[in-house]
Amino acid sequence: MRVKIETIIGILIIAAAAALAVAGFILLPATLTVQVNLSGEATNTMPKALGLLLPFALSAVFGVLYMKGAGQTKTRNLVVAIVGLAVMVVTFIFNL
């Protein structure tokens, strides 16, 4: 039985998103800064659960869609799943 590369990539994206979400619940403060202005001050905040759930859901849902998709939608789904991971990384940068 041969596993498709899309399945491997999708599982890795979902696993990375889950690991970042768990680490975020442990390490990040209760209120997350999600936007900053040019001077570096927080302009928008969000509760930790919502701030970590949204990018995780983005990566997980579009990771699954990437594994199941075909053609142009497959590429779009992969990009959106990676954007979800990037948003989680930026959330860590803003809040640690």
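Residues numbered from 1 in each chain as written. Predicted model: local features only at pLDDT ≥ 70, side-chain atom pairs only at ≥ 80, totals over all residues. Heavy atoms only, no water.

In this structure, what is going on with the side chain of Glu6? I would like to understand it.
Within the secondary structure, Glu6 sits in helix α1 (residues 5-27). Here the side chain of Glu6 touches Lys74 through a polar contact of 3.1 Å, side chain to side chain. Once you skip the residues sitting within four places of it in the chain, Glu6 turns out to touch Tyr66, Met67 and Lys74. (Helix = DSSP H or I, 4+ residues; strand = E, 2+ residues; numbered from the N terminus. Polar contact = N/O pair within 3.5 Å; in protein donor to acceptor, adjacent residues only side chain to side chain. Contact = heavy atoms within 4.5 Å.)

Would you mind showing me how to read helix α2 (residues 48-68) here?
In an α-helix, one turn spans 3.6 residues, which is why side chains three or four residues apart end up on the same side. Under the 1.5 Å per step criterion, the end-to-end length of α2 is 30 Å for 21 residues, consistent within 8% with the ideal 30 Å. For α2, every residue scored as buried is listed here: Lys48, Gly51, Leu52, Pro55, Ser59, Ala60, Gly63, Tyr66 and Met67. Along the long axis of α2, the arc covered by the buried residues comes to 140°, so they all point the same way. Looking at the buried side of α2, the elements it contacts are α1, β1 (31-36), β2 (42-47) and α3 (72-95). (Expected span 1.5 Å × (residues − 1). Buried < 20%, exposed > 50% of the residue type's maximum accessible area, 1.4 Å probe, protein only. Arc of directions from axis to C-beta.)

What am I meant to see in the pairing of β1 here?
Examined bridge by bridge, β1 and β2 share 5 bridges and lie antiparallel to one another. Among the inter-strand pairings, Val36 is bridged to a residue of β2, identified as Ala42. Adjacent in sequence and paired antiparallel, β1 and β2 are bridged by 5 residues, among which Gly40 carries a positive phi angle near 95°. (Pairing = 2+ DSSP bridges.)

Honestly, the confidence of the model for the protein in this entry has me stumped. Any pointers?
Detailed conclusions should not be drawn from predicted coordinates in areas where pLDDT is low. Summarising the model, the protein shows a mean pLDDT of 93, and 100% of its residues fall at 70 or more. The secondary-structure element of the protein with the lowest mean pLDDT is β1, recorded at 91, while α1 shows the highest, at 96. (pLDDT = per-residue confidence, 0-100.)

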